[in-house]
Amino acid sequence: MTQAAPHHEASQVTEQRCAGAARDLLTSTRLATLRRCAKQHYLRYELGLSRVRTSDALRLGAAFHRGLERYNRGADPADAIVDAVAEYEFVPDWADSFEWDVEREIIQQLLAGHFWRYEKDDVEIIAVERTFELPLVNPQSGRPSRAFVIAGKIDAIVRLADGRLAVLEYKTAGEDIAPDSDYWPRLRCDPQISQYVLAARALGFDVATVLYDVTRKPTISPLRATPLDKRKYTKDGRLYAAQRENDETPEEFGQRLLVDVGDRPDYYFQRREVPRLEDELAEFQAEVWQQAKQLLDARRHGRWFRNVHRFTCGTCEFANICLNGVRVTSGTAPAGFQILTNVSPELPAGDD
Ligand code: SF4
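Residues numbered from 1 in each chain as written. Predicted model: local features only at pLDDT ≥ 70, side-chain atom pairs only at ≥ 80, totals over all residues. Heavy atoms only, no water.

**Q** How would you explain the nonpolar core if you had to name every residue and give the values?
**A** In this structure, Leu26, Leu136, Ile154, Ile157, Val167, Val207 and Tyr212 are the most contacted members of the largest nonpolar core, which totals 48 residues. Among the elements that line this core, the one with the most residues is helix α11 (residues 278-301), at seven residues. Both of domain 1 (4-53 + 296-339) and domain 2 (56-228 + 250-283) provide at least three residues apiece to this core. In terms of nonpolar packing, the next biggest core, distinct from the first, is built from 30 residues, Leu68, Val85, Tyr88 and Phe115 among them. (Core = buried A, V, L, I, M, F, W, Y, C linked by side-chain atoms within 4.5 Å. Buried < 20%, exposed > 50% of the residue type's maximum accessible area, 1.4 Å probe, protein only. Helix = DSSP H or I, 4+ residues; strand = E, 2+ residues; numbered from the N terminus. Domains from an automatic or database assignment.)

**Q** Now, about the packing of helix α5 (residues 77-84) against helix α6 (residues 97-118): what can you tell me, with residues and values included?
**A** Relative orientation of the contacting elements α5 and α6 amounts to 150 degrees, with a least axis distance of 10 Å. One way to sum up the angle between α5 and α6 is to call them roughly antiparallel. Of the two elements, α5 crosses α6, and the hand of that crossing is right-handed. Between α5 and α6, the contacting residues are Pro77, Ala80, Ile81 and Ala84 on the first element and Ile107, Gln108, Leu111, Ala112 and Phe115 on the second. Residue composition of the contact of α5 with α6, by class: eight nonpolar, one polar and no charged. (Axes fitted to C-alpha atoms, helices over the stretch in contact; angles between N-to-C directions. Parallel < 35°, antiparallel > 145°, perpendicular 65-115°, else oblique. Left-handed = near helix turned anticlockwise from the far one by under 90°. Contact = heavy atoms within 4.5 Å. Nonpolar A, V, L, I, M, F, W, Y, C, P; charged D, E, K, R; others polar.)

**Q** Any chance you could break down the side chain of Glu248 for me, citing the residues and the numbers?
**A** Tracing the backbone shows Glu248 in the loop between β6 (209-216) and α9 (250-263). A distance of 2.8 Å separates polar atoms of two side chains, one belonging to Glu248 and the other to Arg256. Not counting residues within four places of it along the chain, the set of residues in contact with Glu248 comprises Phe98, Ser221, Pro222, Leu223, Phe253 and Arg256. (Polar contact = N/O pair within 3.5 Å; in protein donor to acceptor, adjacent residues only side chain to side chain.)

**Q** Let's hear about the packing of helix α4 (residues 56-72) against α5: which residues, and what values?
**A** The geometry of α4 relative to α5 is characterised by a closest axis approach of 8 Å and an angle of 145 degrees between their N-to-C directions. Considering only the axes of α4 and α5, their crossing is right-handed. Side by side, α4 and α5 meet where Ala63, Arg66, Gly67, Arg70 and Tyr71 of the first sit next to Pro77, Ala80, Asp83 and Ala84 of the second. In terms of residue class, the contact of α4 with α5 is built from five nonpolar, one polar and three charged.

**Q** Summarise helix α3 (residues 38-46); cite the residues concerned and give the values.
**A** Burial analysis of α3 places nine of its nine residues in the buried class, which makes it a mostly covered element. Within the span of α3, buried status applies to Ala38, Lys39, Gln40, His41, Tyr42, Leu43, Arg44, Tyr45 and Glu46. Just downstream of α3, Gly48 is the residue with a positive phi angle, here 75 degrees.

Here is the structure:
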């Protein structure tokens, strides 16, 4: 019994690959997932499983990104914001309508703040949302892989004030992004940076650097009405200034957030260059080759190791099925999951 699972998993892989993709695309998200946990990679990229309900963080980041894309393509700020939150018009069955409206306010106000913050910057948009594919090259023989290509999408190519070309990459973060925070040294070592530089050059843009544009998600939240048993009144019958009669509405919260963004722009928005050296690009290509070999080995043996830790499992969309030993069968999605026909939805499907 215990030895049957690898064979079972290996056969699922073959079916999924035949059904889902003519080429095997190694995106930076996929490679990061493989580095984080091979089992998570198996469930997400080999079986194509994905939660039906997207996580709040992914949804917010995608909508924010959509607004920036529209703006970079020439939409005025108001139209870009409307497009960004179009999917928030209807509240899904599973969502709390108040939280849903608050999320929409966060996206709208962060976009408004971003447009305001950078409206006078000296960065010229040259190209927007460019997909790419790079051969994965054996660092010893120089021959391309027959199994994989490196693929992805660049948010934008820009010309900086000094005339250099740069990849512009947007991120939303749920942590401190101040210049002296841990965020930037970690980003400096992110292999994704090398991938962007190589991709931009392959697309014909001789970029010198990557410009990271990071937006911090708010830590403030809607104010709640003071519980009845905690309320204190002045002599003339008014609530104390710090207490509230009613919950703050999503719209009121949005206005307060916009004021906060205006008061503390550096808290919410940071842009920094992350350069890359030529030997770092070579190192990136060698590392991806090594990861590809690891991936093929896992497939060959039908064995995908778990990396059990609170930092990995704590944010894993498969935690409830993986940690409870739920057996996933080929072509059948467990409750709450779907099987994706395109396992890299950030890239257009069917352009093989
Ligand atoms: S729950 Fe943990 S061990 Fe299981 S797939 Fe997710 S990250 Fe890996």
